[in-house]
Amino acid sequence: MNGVVLEARGIQFTRGRREILNIERFSLAEGETIALIGPNGAGKSTLLQIMALLLKPDRGVVEFRGTPANRANALAFRRRMAVVFQEPLLLNTTVFHNVAAGLKLRGISGPQIKKRVNYWLERLGILDLAGRRAHHLSGGEAQRVSLARAFALEPEVLFLDEPFSALDFPTRLTLLHDLGRLLQDTGVATVFVTHDFAEVPYLTDRVAVLKDGRLFKTGTFEEVFKMKPRKETYLTSLYRVFED
Ligand SMILES: Nc1ncnc2c1ncn2[C@@H]1O[C@H](COP(=O)(O)OP(=O)(O)OP(=O)(O)O)[C@@H](O)[C@H]1O
Ligand SMILES: [Mg+2]
């Protein structure tokens, strides 16, 4: 059994009279990717932000490698995690500087930064975009930059909140393939949020289903959905029209 990297226990989050989250226990082990899925408004982003220590729950605890997060250690823990959101949130500068920015904040030396940024741009297939201004990129290119930026931080935990849901289907598919390979190669513990069940088999076999703020089901894809995971969808076939 792999060690637990992150664990949330007894999480309650209420706004007004509404209970938005009520989670007994949610944990992420070393090297695993969990797909956190559920319909709009289920509480996925709220849970992700609580786990990423960006939002404080009303009750409950988040432990990072066995140490409960508190006001004194949260910043240090956050620096060991990276988050990618649905909207790329890129700075109005070059692609290179967008990926380098977080490394500078962490006090890494210039030559090291250059090496790491170029490595991750290459791994994401966007080295040729290094000098381009981020605000002029397409949606797919911008999300590649966001991923490069997150991986360049070499985080111990990676959070991805519906990173591809604004992209067209072929772009999404290529990114899912590429991300799947990166997650396998790096083995970084990852929470991938999506409302699209079809995305899950590209990345992982571990599924947690959130519904009305509660963990409704967790297990392997087959345990949860009572069917084998499949990557091919009829949409894949339709998009072959571009290959003619
Ligand atoms: N700060 C807040 N104040 C009031 N309500 C909130 C707040 N944050 C979240 N909510 C509500 O909590 C519920 C869960 O929101 P959340 O964004 O976590 O859902 P989600 O599963 O990520 O949905 P989506 O798929 O649309 O991104 C929603 O009904 C939302 O309106
Ligand atoms: Mg959300």
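In case you missed it, the structure is sitting above this.
Everything numeric here is computed off the predicted structure, so don't read it as measured data. (Residues numbered from 1 in each chain as written. Chains lettered and ligands numbered in written order. Predicted model: local features only at pLDDT ≥ 70, side-chain atom pairs only at ≥ 80, totals over all residues. Heavy atoms only, no water.)

What holds strands together in a sheet is hydrogen bonding between their backbones, with the strands either parallel or antiparallel. Across the sheet, 4 strands lie side by side as β2-β1-β4-β5; this open sheet has antiparallel pairing. The sheet terminates laterally at β2 (18-29) and β5 (67-68), the two strands that pair on one side only. In the sheet, strand β1 (residues 4-15) pairs with β2 via 10 bridges, with the strands oriented antiparallel. Bridging from a neighbouring strand, Leu6 pairs with Leu28 of β2. Of the strands in this sheet, β1, β2 and β4 (59-64) touch helix α1 (residues 44-51), which is tilted by about 55° from β2. (Pairing = 2+ DSSP bridges. Helix = DSSP H or I, 4+ residues; strand = E, 2+ residues; numbered from the N terminus. Contact = heavy atoms within 4.5 Å. Axes fitted to C-alpha atoms, helices over the stretch in contact; angles between N-to-C directions.)

A word on the pairing of β1. Where β1 hands over to β2, the hairpin turn is made up of 2 residues, of which Gly16 adopts a positive phi near 65°. For β1 and β4, the ladder comprises 5 bridges, and the chain directions are antiparallel. Bridged to Gln12 within β4 is Arg59.

Ranked by size, the top nonpolar core spans 41 residues in total, and within it Val117, Leu121, Leu137, Leu147, Phe151, Leu158 and Leu179 carry the most contacts. Among the secondary structure elements, those contributing two or more residues to this core are β6 (81-84), α3 (95-105), α4 (110-123), α5 (139-152), β7 (157-161) and α6 (169-186). Not counting the four nearest positions on each side in its chain, Leu158 is found in contact with Ala82, Ala150, Phe151, Leu183, Val188, Ala189, Thr190 and Val191. Counting 30 residues, the second-largest nonpolar core is a separate cluster that includes Phe13, Ile34, Leu36 and Met81. (Core = buried A, V, L, I, M, F, W, Y, C linked by side-chain atoms within 4.5 Å. Buried < 20%, exposed > 50% of the residue type's maximum accessible area, 1.4 Å probe, protein only.)

This paragraph deals with the pairing of strand β3 (residues 33-37). Along β3, 5 of the 5 residues are buried, which leaves the element largely enclosed by surrounding structure. Side-chain alternation along β3 places Thr33, Ala35 and Ile37 on one buried face and Ile34 and Leu36 on a second face that is also buried. Here β3 pairs with strand β8 (residues 189-194) via 5 bridges, running parallel. Across the sheet, residue Ile37 finds its bridge partner in β8, namely Thr194.

The analysis is restricted to geometry; functional conclusions fall outside its scope.
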